[in-house]
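Commentary on secondary and tertiary structure
Chain by chain, the residues:
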Amino acid sequence: MGRWRTWGLGLGALLVAGAPLHGAEDVPGSSDPAGIERYPRSWIVEYEERPASPYPFVTAPVDRIKREVRMEAVRVQGPLRRITYRMPDQTRLDDVIAHYEARVGEISPGIVFSCKGPDCGRSTIWANQVFEVAELAAPNRNQFYLAAPVSVDGGTQLVAVYAVQRGNRRVYAHLDVVVPDGPVAFGANRSVAESLARNGFAVVDGVVPDEVGALSEAGLERLAEAAGALGPFQGETVHVVCHVYGSAPVEELATAAERCAAEAAGTVAEQGGVTTVAHGLGPIAPRNGGATSRIELVLPYRLRSD
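Residues numbered from 1 in each chain as written. Predicted model: local features only at pLDDT ≥ 70, side-chain atom pairs only at ≥ 80, totals over all residues. Heavy atoms only, no water.

Moving on to the overall build of the chain. If you tally the helices and strands in the chain, you get five helices and 12 strands. Here the chain holds 306 residues, and the buried ones make up 49% of them. (Helix = DSSP H or I, 4+ residues; strand = E, 2+ residues; numbered from the N terminus. Buried < 20%, exposed > 50% of the residue type's maximum accessible area, 1.4 Å probe, protein only.)

Right, let's get into the state of the cysteines. By definition, a disulfide is the covalent link that joins the sulfur atoms of two cysteine residues. Taken as a whole and judged by the stated rule, the model has two disulfides. A disulfide bridge connects C115 with C120, and the sulfur atoms are separated by 2.1 Å. Classification of the bridge connecting C115 and C120 rests on its S-S torsion, roughly 115°, and on that basis the disulfide is right-handed. Both residues of the pair, C115 and C120, belong to the buried class. Disulfide pairing is shown between C242 and C260; the S-S distance is 2.1 Å. The sign of the S-S torsion, about 95°, decides the handedness of the disulfide formed by C242 and C260: right-handed. Here C242 is found in strand β10 (residues 237–243), whereas its partner C260 is found in helix α5 (residues 250–272), with 18 residues between them in sequence. (Disulfide = S-S within 2.5 Å.)

Glancing now at α5. Across its 23 residues, α5 extends 31 Å between first and last C-alpha, which sits within 8% of the 33 Å expected from 1.5 Å per residue. Three or more residues of α5 are buried, namely L253, A256, A257, C260, A261, A264, A265, T267, V268 and G272. Residues of α5 that are buried in the fold lie against β4 (73–86), α4 (217–227), β10, β11 (275–282) and β12 (294–298). Note on α5: the residue one or two positions beyond its end, G273, has a positive phi of about 70°. (Expected span 1.5 Å × (residues − 1). Contact = heavy atoms within 4.5 Å.)

The next point concerns the packing of aromatic side chains. Following the criterion strictly, the structure yields seven aromatic pairs and no others. Feature note: the residues F113, W126, F131, Y145 and Y162 constitute an aromatic cluster, connected by ring pairs. (Phe/Tyr/Trp six-rings, centres within 6.5 Å; stacked < 30°, edge-to-face > 60°.)

What follows concerns the packing of α4 against α5. For the pair α4 and α5, interaxial distance at closest approach is 8 Å and the crossing angle is 45°. The angle between the axes of α4 and α5 places the two elements in the oblique class. Between α4 and α5 lies a crossing whose hand is right-handed. Between α4 and α5, the residues in contact are L220, L223, A224 and A227 and E263, A264, T267, V268, Q271 and G272, respectively. Within the contact of α4 with α5, the residues separate by chemical class into six nonpolar, three polar and one charged. (Axes fitted to C-alpha atoms, helices over the stretch in contact; angles between N-to-C directions. Parallel < 35°, antiparallel > 145°, perpendicular 65-115°, else oblique. Left-handed = near helix turned anticlockwise from the far one by under 90°. Nonpolar A, V, L, I, M, F, W, Y, C, P; charged D, E, K, R; others polar.)

So, in structure tokens, the structure goes:
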């Protein structure tokens, strides 16, 4: 389905003097997401459904550095529903926030990220770059964001809630609901991104190539999950390094590491949206603690010497 919009006098509904705002109708073809009740008397002013495609599930404040938008996100694949509600006049933003915190909290194992006011970053980025709904632009002090997995009808969905009070005092709430096509690991993803930003390298835990450089299905899934956290590094080149140890001759292990690095770099590029360069080092670069087969992500210019 394409996006339904209401423009000009059609925003919400054409109201006559004295008519109650809760009489406004939802845009045609729209509906509430399963399991999350809307704020009382609110109505849908924008609605969109998208087929399965890559989606950046934002898990940190958003900002702009020079001309580049920076956001930390877990990249997932799945169909997306976008729903924008307008609240009745005189609605308090804090009441809307409390409503959605409660509704999401009832069906979520735990909130991944939440922020309020300037701690969320720039509202114009949330409105235009993240959710692509211009009506969501508001003063930075009047915004709220929540990201969480939820359990609906026996399955897992990811829900992003963004609520604002605009300068004209109108209050909106927007929901992105995506059904991921695989498991999502938030804590581990964030640790990879944080280590890259802080130290310039990160070992991807749980990804261990075997002696011929092959990666298991579970290892590739874990690598894809970790790559989903690389949103802040889009536009940069990430070096993907594979180390392979074993009893085979060094030349064979080096060749195995090159195959491993090529496969790993392809996965990171596809799932992380970054440029990658593959390096197969075989057994010639042991680290402190011994010789361990592993995958590392490296940003050379961020490497620290201390």
